[in-house]
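# Examination of the molecular architecture
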Amino acid sequence: MREALEVVRRLRDAGVPVGTGRVITLAHAAQALPPDDLYWAARATLVSRREDIPALDRAFRDAFGVEGTPTPPPQPVADRPSVLAPSELSLSAGDPPGDDADNLASRTEALRRKDFAACSDDELALLGRLMQRLRLRPPERRTRRRSAAPSGDPDLRRTLRRAMRTGGEPLDRAWRRRRVRRRRLLLVLDVSGSMSTYSRALAMFAHAALRAGPDWEAFAFGTRLTRVTRALADADPDAAFRAASAEVTDWDGGTRIGESLRTLLDEHGSGRAVRGTVCVILSDGLDVGDPALLRAQMERLARLAHRVVWLNPLKGAAHYEPLARGMAAALPSIDVFRPGHNLQSLEEVADVIARL
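Described below are features of the structure shown in this document. (Residues numbered from 1 in each chain as written. Predicted model: local features only at pLDDT ≥ 70, side-chain atom pairs only at ≥ 80, totals over all residues. Heavy atoms only, no water.)

When helices and strands are tallied, the protein shows 13 helices and 9 strands. Among the 356 residues that make up the protein, the fraction classed as buried is 48%. Here the analysis covers contacts within the protein between residues at least 6 apart in sequence; of these, 73% occur between residues at least 24 apart. With the model as given, the accessible surface of the protein reaches about 17700 Å², and the carbon-plus-sulfur share is 47%. (Helix = DSSP H or I, 4+ residues; strand = E, 2+ residues; numbered from the N terminus. Buried < 20%, exposed > 50% of the residue type's maximum accessible area, 1.4 Å probe, protein only. Contact = heavy atoms within 4.5 Å. Areas by Shrake-Rupley, 256 points an atom, 1.4 Å probe, with all protein chains shown as cover.)

What follows deals with the sheet that holds strand E3 (residues 175–182). Read from one edge of the open sheet, 3 strands run E1-E3-E2, paired in antiparallel fashion. In the strand order of this sheet, the two ends are held by strand E1 (140–149) and strand E2 (153–154), each with one partner. Strand direction decides the pairing type here: E1 and E3, joined by 7 bridges, are antiparallel. Residue Glu 140 lies in a different strand from E3, and its bridge partner there is Arg 182. (Pairing = 2+ DSSP bridges.)

Our focus in this paragraph is the sheet that holds strand E6 (residues 225–227). One open sheet accounts for 6 strands, arranged E6-E5-E4-E7-E8-E9; its pairing is mixed. This sheet does not close on itself; its edge strands, each paired only once, are E6 and strand E9 (336–339). Across the sheet, the axes of successive neighbouring strands diverge by a mean angle of 20°, strand direction being ignored. Relative to strand E8 (residues 307–312), strand E7 (residues 278–282) runs parallel, the two being bridged by 5 bridges. By the bridge assignment for E8, Cys 279 is matched with Val 308. Running at roughly 145° to strand E5 (residues 217–221), helix H10 (residues 257–268) makes contact with strand E4 (185–190), E5, E6 and E8 of the sheet. (Axes fitted to C-alpha atoms, helices over the stretch in contact; angles between N-to-C directions.)

Once that is clear, we can look at the pattern of salt bridges. Applying the stated rule across the entire model yields 16 salt bridges. Here Glu 259 and Arg 256 are joined by a salt bridge, their closest N and O atoms 3.9 Å apart. According to the relative accessible area criterion, Glu 259 is partly exposed, its value standing at 31%. Judged by its relative accessible area of 31%, Arg 256 is partly exposed. The residue Arg 338 makes a salt bridge to Glu 348 at a minimum N-O spacing of 3.5 Å. Of this pair, Arg 338 sits in strand E9 while Glu 348 sits in helix H13 (residues 343–354), and the two are 10 residues apart along the sequence. Arg 338 gets classed as partly exposed once you look at its relative accessible area, which sits at 25%. Exposure remark for Glu 348: the relative accessible area of 34% places this residue in the partly exposed category. Through salt bridges with shared partners, a single network forms among Glu 109, Arg 112, Arg 113 and Glu 347. (Salt bridge = Lys/Arg side-chain N within 4 Å of Asp/Glu carboxyl O.)

Take a look at the structure:
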């Protein structure tokens, strides 16, 4: 990614007009492409005039140390999917770059806004790779431990130790303050039958989120709770999804949110998995269990967690109202209630969590 930005800088220094939109499109491609393919993506996105191609060649050679023009990738077959896969982000040597760049940007934007339930398997696979760019950053908290700092509270022990060098006079005073670290994230994923059209995409979202925090946790539930943190640890999002779906025995089964939350809180409520975390529940709230039980467990969860965020894919519909008895029972204990039906909504949630 750093080399791609260096290409942009060198192009601008050479007088080639490169707008921010073109840079963003190239940044999306740079996450998944090797340098050879990235050259053709840069040619498709950064330049719109043939006379600018030599400047791109020089910028690419200086940034990556690649001599000559990389070999064009093979042309895609006629029955291409509706959304460009990363290997298709390229132009042949004789194709004009401008139209394909605009086409790529529009298709990527359309995929970001497309409901997960309407996505094909190929589109979901591409979304899994795009989600790897998401970085959830929960809010910070002050710990009990303290460390040296240029200002803050007086550090008497270190001040007295330093005073021994100056005849007992505390000329060089020391300070300390409480350390700051990010809160942990807890993901609770509904994989019941009513969530079947969203489970794969949201599991890949959980996979991307867990890669940002080594001590974060993920659980899945249908009629019972299953820990899927280790299953989602695979670097490949598709492999992680397969491992998680094999781990959960009641995948695409019934929905008992209250009982699953009770298991979570009984077994993990006193430890680091729940206490003080930002808890993100991904569910449509269509519970077949006792709503009073769900209400009580949500109240317990709200007392233990720092914040409770609920992502409901159904909320992406224009006229959605949380009238289902499970969702209505949980709503009073939720701090943030947002949709989770497409990539754009998940990107917005990442921003919301950072500002909690």
